Amino acid sequence: MSASRYGDARHFGAHAPEVEERLALLAEASRVLADASLEPPAVMDRLCALVVPLLGAACTLRLLSEDGLWLRTVASAASTPEARLLFQTLSPPAVRADEGPSHEVLRTGEALWVPDSDPKELRRLVPPQQHGLLEDFPFTRLMVLPLRARGRSLGTLTVWKDPAAAQPVEAGEQLLLQELADRAALALDIARLYAAEKQARQAAEVAAGRLARLQRVTAELSQVLSAERVAEVIVEQGVEAVGAARGALWRLEAGNARLLRCTGYEDPRSFMEAFGVLPLEGRTPMTEALLEARPVWLESPEELSDRYPEVDEQRHRVVRKPAPASVCLPLLVEGRALGVLLFAFSEARVFDPDERAFLELLAHHGGQAVARARLLEQEQRSRAELAEANERLAAIIQASPASILLVDMDGTVRMWNPAAERIFGWKAEEVLGTVLPVVPEGKQDEFRRNLEKAGRGESLGGAVMHRKRKDGTPLQVALWTALVQPAAGGPEQVLSMAVDVTERQRSEAAQRFLAEAGGVLATSLEQEETLERVAQLAVPSYAECCGLFLADEDGAVKCVAAAHASAEYHAMDGQPSPGLLVVARVVASGEAELRTGLSEDAPECVRPPDAGGCFAWLCVPLQVRGQTLGALSFVTSRRDYDAQDLALAQELARRAALAIDNARLYREARQAIRLREEFLSIASHELKTPISALQLQVHSLLTSLKRSPSGVTPERLERALGVVDRQVKRQTRLIHELLDVSRISAGRLELSPEPLDLVMLVREVVERFEPELERTGTRLELQLAPEAAGLWDKLRIDQVLTNLVSNAVKYGRGNPVLVVMTTGEATVRLEVRDGGIGIGEEHVSRLFHRFERAVSERNYGGFGLGLWISRQIVEAMGGHITVRSELGVGSTFSVELPRTRG
């Protein structure tokens, strides 16, 4: 493409106007441009209409962009409709300002004409799909003129010349075009100034309107107190103030953004479900505005889709008509985001700086309101929490099981809770304003010292102190103290908390006492030593007199050990207080008894010497394995016994009973071992004696037969066989006795009752003893009733009768034996009397015990089991057996049996 400066141009226009025509054209141009209503589009269109067709076949007017990089096409004209359509199609909307002829014109400010355009240049300026139209493009000659005003380039005017025109272009024509361009530039500049002034006026009006709306919103925000109400005002009035279609506000709470208010949505519930809570880790315009503390401007639907595809998809599911443009504004306070405000607009838009500033200012006021609401909420919550804490503290003080006191440094009481009333007995109105009355007289100095220590910051931490109740009763308390500095700056006070530990101290002392008792009781298994130690355990710490009573086999109770702090603690029967009457009653019932505050004439107690008042006692049974062994009694004159003392005494009695039972079992075990050894010695002797006799007789017979087979006479053989028979029977009886002991001990003594005439059975037993009676020279007499029928076990009764008759013959020293039978309506009584050696009184009580003997086994032999087995058999049949005896005179054994019991 060739080009030349303005001064070298030739053959440009269709024809060269004359001077008059030029002047007329300039005058018309001035009039037309002056009537363009000061609108830039109108100025540009009028200028193109003046150029075509008078001065060229087509023209294009381009204006510089604000950044000066582009020339944007704003108006064009062509001489024919066909050329106009083709020209508008191929004319690019914008060309680079720093390239081609336009760049040179803008740089120099001088016109530039191109007599022949380069096709390659034209192809570069149009889109590829339109390159085919360039073949029909009729314009190849052009002139580019600058549009200048006030020394500044506004753009370019390009005039295209028909190549068929043959008239030369004169310098005058070129001057005319430049003059038209200059006048158009001046008109355009004036139009721009007018538009700017108009825009400024409109902007001022818009700003005033925005300011008024902002003032209304701000005024209402200043009156609201809650975050929900702040959200309502900002969203509802903010939508109206900014001309938005929808609005919503989220507040930052616990790592999430929670929706407080939304408006303008067709289905608010669905929107709330979808966007009610926004996790900060999610990528949404709202969370981005929160995290980055800057607005997010979305001026088109495409921008939202590109930047936040997930949000756009979710928005389409919730909102029927998604907004083309929107903005998310962080609610900032001191650079920290408290929430985010969303405005959505009904059409795509470009947010100009003023609008952006207005929206950010609205968000700023909203953030301030949210901050105020939050501070108010925090203050209200703090006040509520403080009030609740005060109420809770007051409730704790009222409900506390520990006494809580507040006293001045001189001991004056300023606070007294209900627990203090329960523990010490004084009402609050009785002690408030007075010196603390619970301190005993002997502890006043200690109380003052503790107050002084508390004033120096030396607190007590659970120290046990002696105090007193209103009725004078002493008690022990665990005390905690702390110095209190009043918030109002008043004098220092001492907070005191006390817990009644009297019972705890007593419990601990009781536990120590029981532990010591357990150790003492476990040191010996000797019954006498154990009994003495049991009695001494409680004196003097627990009682001033303690007696231990045991019941014997007959149920008689006697004192076996006692300990006294004063020898005068005896009942009227001479026994340790409260006397045998009370002890016997406790042993019989198995129930403890406690008496306290007894009167002077009480028959069951004796007051100690010089005692001015009454004293208390308690008596508890000694029980072990379901049996009552005896009782323990305690007496004191120092205080009253109560339920806790009774429980302690019962526990001591339980341990003492166990120790006594262990000692008894130990004694019985040793006795059993002794009896076992003695029994084994006797058994070996008794079982060996018949065998020796048998062996002797057999050996004698064998010897005689060897010497003389026919020399053993019938008389001798009869005597020998008689001896053998007696020894065999004796051996059999001993074995049966051992078997009976085993059965009875195992509880397997079986009875087979049958109708029986006891008279006949007695005669049968006596007949079996005739050889023995004849051998010993003993006479046996019978005094029997005519009949004695009943239901008994014949073999067992036979065993009892045989045992009694055998003993009578054995120990009767050859004196007569008398068997007497008497009958009653329901019982039969049988007595076996002998005039033999008799039994000493000391042996009678244990005569029916197992392995017990009243004579020497060396002289009389036997296991000492016959009477014990007889007793077991008789008692198993519902009867009983007794003995009356006098040493050296004889014995009488009596058996009484019921008729109908087997």
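Worth saying up front: this structure is predicted, and the values here are computed from it rather than measured. (Residues numbered from 1 in each chain as written. Predicted model: local features only at pLDDT ≥ 70, side-chain atom pairs only at ≥ 80, totals over all residues. Heavy atoms only, no water.)

Novice: With reference to specific residues and values, describe a negative patch on the surface.
Specialist: A surface patch of like charges, here negative, comprises Glu 764, Glu 767, Glu 770 and Glu 774. For the negative patch, the secondary-structure elements that each account for two or more residues are helix 21 (758–768) and helix 22 (770–776). (Patch = residues over 30% accessible without salt bridge, like charges linked within 9 Å, V, L, I, M, F, W, Y side chains within 5 Å. Areas by Shrake-Rupley, 256 points an atom, 1.4 Å probe, with all protein chains shown as cover. Salt bridge = Lys/Arg side-chain N within 4 Å of Asp/Glu carboxyl O. Lys, Arg positive; Asp, Glu negative; His and termini not counted. Charge placed at Lys NZ, Arg CZ, Asp CG, Glu CD. Helix = DSSP H or I, 4+ residues; strand = E, 2+ residues; numbered from the N terminus.)

Novice: So what's going on with the confidence of the model for the chain? Residues and values would help.
Specialist: Chain-level pLDDT for the chain is 77 on average; 77% of the residues reach the 70-or-more range. For the chain, helix 25 (residues 857–860) is the element with the lowest average pLDDT, namely 44, and strand 28 (residues 827–834) is the one with the highest, namely 91. (pLDDT = per-residue confidence, 0-100.)

Novice: Would you mind going over the pairing of strand 18 (residues 493–500) in detail, with residue names and values included?
Specialist: Of the pairings in the sheet, the one linking strand 14 (residues 403–408) to strand 18 comprises six bridges and is antiparallel in character. Paired with Leu 405 across the bridge in strand 18 is Ser 496. By the bridge criterion, eight bridges tie strand 17 (residues 474–484) to strand 18 in an arrangement that is antiparallel. For Leu 479, the partnering residue across the bridge sits in strand 18 and is Ala 498. (Pairing = 2+ DSSP bridges.)

Novice: Give me the lowdown on helix 18 (residues 580–589), citing residues and values where you can.
Specialist: Of all the residues in helix 18, the buried ones are Val 582, Val 583, Val 586 and Val 587. Axial view of helix 18: buried residues confined to an arc of 130 degrees, hence all on one face. Every exposed residue of helix 18 that faces more than 90 degrees away from the buried side is listed here: Leu 581 and Ala 588. Packed against the buried residues of helix 18 are strand 19 (545–551), strand 20 (557–564), strand 21 (593–595), strand 22 (616–624) and strand 23 (627–636). Remark: Gly 590 follows helix 18 within two positions and exhibits a positive phi of approximately 70 degrees. (Buried < 20%, exposed > 50% of the residue type's maximum accessible area, 1.4 Å probe, protein only. Arc of directions from axis to C-beta. Contact = heavy atoms within 4.5 Å.)

Novice: Would you mind going over the sheet that holds strand 9 (residues 256–263) in detail, with residue names and values included?
Specialist: Strand order in the open sheet formed by six strands is 10-9-8-13-12-11, with antiparallel pairing between adjacent strands. On the outer flanks of this sheet lie strand 10 (277–279) and strand 11 (296–298), each paired with one strand and no other. The average undirected angle you get between the axes of adjacent strands in this sheet is 20 degrees. Pairing analysis gives three bridges linking strand 9 to strand 10, with the strands arranged antiparallel. (Axes fitted to C-alpha atoms, helices over the stretch in contact; angles between N-to-C directions.)

Novice: Requested: an account of the sheet that holds strand 21, with residues and values cited.
Specialist: As a general point, the strands of a sheet are linked pairwise by backbone hydrogen bonds and lie either parallel or antiparallel. Spatial ordering of the open sheet is given by 20-19-23-22-21, a layout of five strands whose pairing is antiparallel. Since the sheet does not close on itself, it has two edges, and those belong to strand 20 and strand 21, each with one partner. Strand-to-strand twist of the sheet, defined as the mean angle between neighbouring strand axes without regard to direction, takes the value 15 degrees. Set on the sheet, helix 18 makes contact with strand 19, strand 20, strand 21, strand 22 and strand 23; between it and strand 22 the angle comes to about 40 degrees.

Novice: Which residues make up the packing of aromatic side chains, and what values do they have?
Specialist: Per the counting criterion, the structure on display carries six aromatic pairs. Centroid distance Tyr 265 to Phe 271: 4.1 Å. Interplanar angle 20 degrees. Geometry classified as stacked. You'll find Tyr 265 and Phe 271 in the same group, each marked buried. Summarising the aromatic geometry, the rings of Phe 271 and Phe 275 are spaced 5.0 Å apart at their centres and angled 40 degrees between planes, so their arrangement reads as tilted. Of this pair, Phe 271 and Phe 275 both sit in helix 8 (residues 268–275), four residues apart, which is roughly one turn of the helix. The exposure class assigned to Phe 271 is buried, which follows from its relative accessible area of 4%. (Phe/Tyr/Trp six-rings, centres within 6.5 Å; stacked < 30°, edge-to-face > 60°.)

Novice: Account for the side chain of Thr 502, naming residues and giving values.
Specialist: With respect to the secondary-structure elements, Thr 502 resides in helix 16 (residues 502–521). A distance of 2.8 Å separates the side chain of Thr 502 from the backbone nitrogen of Gln 476, its partner in a polar contact. At 2.7 Å, the side chain of Thr 502 forms a polar contact with the side chain of Asp 500. Setting aside residues no more than four positions away along its own chain, Thr 502 makes contact with Leu 475 and Gln 476. (Polar contact = N/O pair within 3.5 Å; in protein donor to acceptor, adjacent residues only side chain to side chain.)

Novice: So what's going on with the nonpolar core? Which residues, and what values?
Specialist: If you look at the biggest cluster of nonpolar residues, it comprises 40 residues, and the most contacted ones within it are Leu 758, Val 762, Trp 792, Ile 797, Leu 804, Met 821 and Phe 893. At the level of secondary structure, the elements contributing two or more residues to this core comprise helix 21, helix 23 (794–811), strand 27 (817–823), strand 28, helix 26 (866–876), strand 29 (880–886) and strand 30 (890–898). The element best represented in this core is helix 23, accounting for seven residues. With residues near it in sequence (within four places) discarded, Leu 758 still touches Ala 788, Trp 792, Ile 797, Met 821 and Val 828. Within the second largest apolar cluster, 35 residues are counted, among which are Leu 548, Leu 550, Ala 563 and Leu 648. (Core = buried A, V, L, I, M, F, W, Y, C linked by side-chain atoms within 4.5 Å.)

Novice: An account of helix 16 is requested, with residue identities and associated values reported.
Specialist: With 20 residues, helix 16 extends 28 Å between its outermost C-alpha atoms, agreeing within 8% with the 28 Å of an ideal straight helix rising 1.5 Å per residue. Turning to helix 16, its buried residues are Thr 502, Ala 510, Phe 513, Leu 514, Ala 517 and Leu 521. The buried residues of helix 16 all sit within an arc of 100 degrees when viewed along its axis, so they share a single face. Seen from the buried face of helix 16, the exposed residues on the opposite side, beyond 90 degrees, are Gln 511, Arg 512, Ala 515 and Glu 516. (Expected span 1.5 Å × (residues − 1).)

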